Amino acid sequence: MNRTKGVTGPRGFRAAGIAAGIKESGALDLTLVVNDGPQDAAAGVFTTNKVKAAPVLWSQQVIQSRRLTAVVLNSGGANACTGPEGFQDTHATAEKVAEVLGVGAVDVAVCSTGLIGERLPMDKVLTGVENAAKELDSSVEAGLNAATGVMTTDSRPKQSWKASEQGWSVGGFVKGAGMLAPNMATMLSVITTDAKISGEQLDKALRLATGSTFDRLDVDGGTSTNDTVLVLASGASGIEPSFEDFAALLTEVSADLVKQLQGDAEGVTKEISITVKQAATEAEAVHVGRTVAEDNLVKTALFGSDPNWGRIAMALGRADAEIDPDVLQILINGVSLYRNGTRDRDRSEADLSGREIEIVIDLNVGDAEATVLTTDLSHGYVEENSAYSS
């Protein structure tokens, strides 16, 4: 996996990331990604939050055609809970991109991230679109700038790229550091490919990929108003892979992006994987893993490197799933601490001093399995989120 390349890795794409002045800091805050074809297939998945930002409502509409020419993204403001005026701002942004590229507004998706409830400075956004269009390039640097332009509380840009053995590739960037949860969250991702694939197949592959990657990261249980994952296909490689091969590589790149999200979550000191084995169904395995991942008592114990398996038992025991305490097992970093209704080895044998922590919960009631990724609840997380709007 190559993390020096992103959306400009696949052929047929140009990108730019500029400082439009949306952020008072002067940091990069506006990104433009353009598909030069010859194909313009596209698909997207969005937040399930009932309070959806204006750009989500816009992009959900335009993606129904399964085609896109461009995506414009801004950081420094979410354009959420801004009423009809906010939707008009999104429409105006798409219209400006369409104007400078010579396409229709329905060919342009819009994404925003930042503080909820404030209107965007549209003079700066529209001028920024014009300036970004002038900077469009297919270089590695342009792709990195695009990944940087969407950052909010992220400490670093996150991108990934991988080529298939046949010569087509998948690349992308993602932003997000908090409010990460199943159904995505304060998280924007644009993924590109130069494979030849229809919009319908692209949509199917994206839903398979996000179901086992983006939807399995749960930092704090929050589900943002702006979550968006878009995938664009240019067909510029001239190669049409099998659906299985395409879905597999898309999932692999998505998983790498998600791992980077986990590693850069707000205040993170521990990267935690929770694998639930032998559950009655996959849905129940995910639900049990998610319940443990979101439990603050579990998260604070792990922050303190405390192998307190009792908190894990408590958390999974309240999950709406088939659970029999007399047959389940809990392991932390390979050490079995609870088995068949009582404690097993001494908790002091589990070493949690490192950054990576692996929790395995064997329910022993079925044959389904799932893994959920999460992080600890640290002082840094509380401090950052207590002062986010100020």
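So, how was this worked out
- Residues numbered from 1 in each chain as written.
- Predicted model: local features only at pLDDT ≥ 70, side-chain atom pairs only at ≥ 80, totals over all residues.
- Heavy atoms only, no water.
- UniProt positions renumbered as here; feature names shortened; annotations may be inferred.
- Buried < 20%, exposed > 50% of the residue type's maximum accessible area, 1.4 Å probe, protein only.
- Pairing = 2+ DSSP bridges.
- Helix = DSSP H or I, 4+ residues; strand = E, 2+ residues; numbered from the N terminus.
- Axes fitted to C-alpha atoms, helices over the stretch in contact; angles between N-to-C directions.
- Contact = heavy atoms within 4.5 Å.
- Expected span 1.5 Å × (residues − 1).
- Arc of directions from axis to C-beta.

Colleague: Break down the UniProt feature "binding site: substrate" (unreviewed entry) in the protein chain for me, citing the residues and quoting the values.
Modeller: According to UniProt, the positions carrying the feature "binding site: substrate" (unreviewed entry) are Thr152, Lys175, Thr186, Glu266, Asn385 and Ser390. Of the residues examined, Asn385 reaches a relative accessible area of 33% and is grouped as partly exposed.

Colleague: Explain the sheet that holds strand S1 (residues 13–18) to me, using residue names and the numbers behind them.
Modeller: Taken in spatial order, the four strands line up as S1-S2-S4-S5 in an open sheet, and their pairing is mixed. Strands at the two margins of the open sheet, each flanked by one partner only, are S1 and strand S5 (108–113). Taking each pair of neighbouring strands and ignoring which way they run, the sheet shows an average axis angle of 10°. Sheet analysis places S1 next to strand S2 (residues 30–35), joined by six bridges and oriented antiparallel. Across the sheet, residue Phe13 finds its bridge partner in S2, namely Asn35. Those strands touched by helix H2 (residues 83–101) are S2, strand S4 (70–75) and S5, and its axis lies near 130° from that of S5.

Colleague: Requested: an account of helix H3 (residues 122–135), with residues and values cited.
Modeller: Given a rise of 1.5 Å per residue, 14 residues ought to cover 20 Å, and the 20 Å separating the end C-alpha atoms of H3 matches this to within 8%. Every buried residue of H3 is accounted for by Met122, Val125, Gly128, Val129 and Ala132. The buried side chains of H3 occupy one side of the element, clustering within an arc of 110° when seen end-on. Turned more than 90 degrees off the buried face of H3, the exposed positions are Asp123 and Lys134. Contact partners of the buried residues in H3: S1, S2, S4 and H2.

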